[in-house]
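A structural walkthrough
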Amino acid sequence: MITRLSLKNFRCFSNHTLDGFRRINIITGANGSGKTALLEGVYLGVLGIPHSVSRINGARGLTNVDIPPIPLAGLLASLMPAVSPEVFHSQWDNVFLNPALPATIEYVDDAEQNYSLSMHYSDLDRGVALPGTQALVKGSGMASAPTSVSPLVMVRRKSGEPERKIEITVNSFNQITYDPVTGPLGPPVAYFPSTVMYADSDNVLWFSQLSVANNEGGVVDAMRRIFPQITNLMILSLFGSQRMFAETAGKKLPLALVSAGMHKVLSLALALISYKKGLVVLDEMENGIFHERYADVWSLMHHLAVQYDTQVFVSSHSLECLEALIPVIKDHEPDFALFRTSNTASGPNIERVAGSALRAALEGRGEVR
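Residues numbered from 1 in each chain as written. Predicted model: local features only at pLDDT ≥ 70, side-chain atom pairs only at ≥ 80, totals over all residues. Heavy atoms only, no water.

The next subject is the sheet that holds strand S2 (residues 13-19). Note on sheets: strands pair through backbone hydrogen bonds, and any given pair is parallel or antiparallel. Ordered by their spatial adjacency, 7 strands build an open sheet running S2-S1-S4-S5-S8-S9-S10, and the pairing between neighbours is antiparallel. Taken across any chain shown, the strands that pair with only one partner, and hence form the sheet edges, are S2 and strand S10 (176-178). The average undirected angle you get between the axes of adjacent strands in this sheet is 10 degrees. Sheet topology places strand S9 (residues 164-170) next to S10; 3 bridges connect them, and they run antiparallel. Of the residues in S10, the one forming a bridge with Ile168 is Tyr178. (Pairing = 2+ DSSP bridges. Helix = DSSP H or I, 4+ residues; strand = E, 2+ residues; numbered from the N terminus. Axes fitted to C-alpha atoms, helices over the stretch in contact; angles between N-to-C directions.)

Let us now look at helix H12 (residues 355-363). Burial in H12 covers these residues: Gly355, Leu358 and Leu362. Seen from one end, H12 has its buried residues packed into an arc of 60 degrees, which puts them on one side. Tucked into the core, H12 has its buried residues touching helix H10 (319-323), helix H11 (326-329), strand S17 (336-344) and strand S18 (347-354). Count one or two residues on from H12 and you reach Arg365, which has phi positive near 55 degrees. (Buried < 20%, exposed > 50% of the residue type's maximum accessible area, 1.4 Å probe, protein only. Arc of directions from axis to C-beta. Contact = heavy atoms within 4.5 Å.)

Time to look at the packing of helix H5 (residues 200-212) against helix H8 (residues 260-274). One can describe the packing of H5 onto H8 by two numbers: an axis separation of 10 Å at closest approach and a directional angle of 50 degrees. Considering the angle they form, H5 stands oblique to H8. In the crossing of H5 with H8, the sense of the turn from one axis to the other is left-handed. Here Asp200, Asn203, Trp206, Phe207, Gln209 and Leu210 of H5 lie close against H8, whose contacting residues are His263, Leu266, Ser267, Leu270, Ala271, Ile273 and Ser274. Looking at the contact of H5 with H8, its residues break down into 7 nonpolar, 5 polar and 1 charged. (Parallel < 35°, antiparallel > 145°, perpendicular 65-115°, else oblique. Left-handed = near helix turned anticlockwise from the far one by under 90°. Nonpolar A, V, L, I, M, F, W, Y, C, P; charged D, E, K, R; others polar.)

Along the chain, Ser90 turns up in helix H4 (residues 85-92). Residue classification places Ser90 among the partly exposed positions, given a relative accessible area of 40%.

Below, the structure written as structure tokens:
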């Protein structure tokens, strides 16, 4: 599990170090105070691959020029949108508080292993200013290529392993390209943004893996405890597409049609199991879940996190959702910590309350949001 996290020049964080993470880590705070940025820092730092930047950009509604690194020639390449230097930099600038400086995400786990992901534009290695917008050089009609794109460099470091550099740039076929990366920098991590629909394809994959190992019964039982109208879960293929189906009142329907909240809880449960000894990052837990189910979902989350040695980072705006934690915390105080972000004149501030103090704050209806 992550025990300490440092964010330098990342998103809204200039230089912040957080200690004392627990099994379940709850992030609260006002809009714009850094809740989502903190979750993104955990996700990006643990995964440590270029695609994770595209994922967090897409979750925030930012346009991605995420062209697969497969060479195309002729008419196809000439029809692709021009990736000018300003377009290229727009994909990555938002990672930095100041793009003229490196951004670094560092963390330490409970085995005292150190991990670090740093990002910077390659021109910083040469001590020169980042280039402005350059004119495009036209080739022979086959493709167009920018004259000067300052590549983004990701540097991955892990205790006991050699440093790994990944350079992201634009090739002569006007494609964003980078070296292939196998595996995350740290433990496996699942990320559920607040603004993106949960993928049924992920549920199908995770449920299939459990089914092959004859372990799907635990998930079915867990879902039935929270949603008793579900009598069974299954994967069915209709019209060439595999989907999760739920059986209710003798009918089999796609789970996403039965209930978006049920679909979300299933995704969370399957991720907690599938990312054993890893992390699950969840933005705005309360979305789509009826208030009377909050305590059940907290209980399920904690139970599976302990059983499968998974660490959770979850945000919430809802006091009702947070107060539903009280019966779950009572017998498991050491497993919970809350980090409250707030805006100050000098940037984000983060306060921590954990264990019995967190329980007392919730029982006393203290303002922990």
